[in-house]
Amino acid sequence: VQLVESGGGLVQPGGSLRLSCAASGFTFSSYAMSWYRQAPGKERELVAAINSAGGSTNYADSVKGRFTISRDNAKNTVYLQMNSLKPEDTAVYYCKVQLWVGVRVDYWGQGTQVTVSS
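Position labels on residues start from 1 in each chain and follow its written sequence. Reporting in this predicted model follows two pLDDT cut-offs: at least 70 for local features of residues, and 80 or more for side-chain atom pairs to be given and counted; totals over whole chains, interfaces and linings ignore these cut-offs and use all residues. Excluded from the side-chain calculation are hydrogens and water; included are all heavy atoms of the structure.

Trainee: So what exactly am I meant to see when it comes to a nonpolar patch on the surface here?
Mentor: Patch criteria: residues need more than 30% relative accessible area and no salt bridge. Like-charged residues are merged within 9 Å; nonpolar side chains of Val, Leu, Ile, Met, Phe, Trp and Tyr are merged within 5 Å. Method for areas: the Shrake-Rupley scheme with a 1.4 Å probe, in which residue coverage is limited to the protein chains shown. Salt bridges are defined as contacts in which a side-chain nitrogen from Lys or Arg sits within 4 Å of a carboxyl oxygen from Asp or Glu. On the surface, a cluster of nonpolar side chains totalling about 330 Å² of accessible area is made up of Trp100, Val101 and Val103. In this description a helix means any DSSP run of H or I spanning at least four residues, a strand means any run of E spanning at least two, and both kinds are numbered starting from the N terminus. Its place among the elements puts Val103 in the loop between strand E9 (91-100) and strand E10 (104-108).

Structure below.
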């Protein structure tokens, strides 16, 4: 299983970024995917999740109306469109998949840094 995030960077408050997570090593279209973030000194938190078909999503209250999670099962990729970014969105963003291999196992990407600053 491999998850590779990309698209992070430095952006001014109010700006936008689109993160991508390319997945391999499992049947991508069969599994829900999620995005998490971890800011310095804070615990990792769930940002958004999407079901296997892409028809159901959920978001942390702090990002509702600003972030959109989506997926392209033909490309084995999940996206996080982030608009109206705020300094408090600064964090390392990770994508995650939970697979059933006899037990539930979480697989994480290496993360991509998002910094919102003027």
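Trainee: Honestly, the side chain of Lys96 in this entry has me stumped. Any pointers?
Mentor: Residue position: Lys96 is located in strand E9. The exposure class of Lys96 is buried, given its relative accessible area of 10%. Within polar-contact distance, the side chain of Lys96 engages the side chain of Tyr36 at 3.4 Å. Throughout, a contact is declared for two residues whenever any of their heavy atoms are within 4.5 Å. Excluding anything up to four places from it in sequence, Lys96 contacts Leu3, Met33, Ser34, Tyr36, Asp106, Tyr107 and Trp108. Only protein chains enter the area calculation, which uses a 1.4 Å probe; residues under 20% of their type maximum are buried, those over 50% are exposed, and those in between are partly exposed. Nitrogen and oxygen atoms within 3.5 Å of one another constitute a polar contact, given that in protein one can donate a hydrogen and the other can accept it, and given that sequence-neighbouring residues count only through two side-chain atoms.

Trainee: How do you make sense of the pairing of strand E5 (residues 45-50) when you look at a structure like this?
Mentor: Walk down a regular strand and you will see the side chains alternate between the two sheet faces. Summarising the sheet, strand E4 (residues 33-38) and E5 pair through five bridges and their orientation is antiparallel. In the strand pairing of E5, Arg37 is matched with Glu45. A pair of strands is treated as paired once DSSP finds two or more bridges between them. Counted along the chain from E4 to the antiparallel partner E5, the turn is six residues long, and its residue Gly41 has a positive phi close to 75°. Pairing between E5 and strand E6 (residues 57-59): three bridges, direction antiparallel. Paired with Ala49 across the two strands is Asn58, which belongs to E6. Hairpin connection of E5 to E6: six residues between the antiparallel strands, including Gly54 at a positive phi of 90°.

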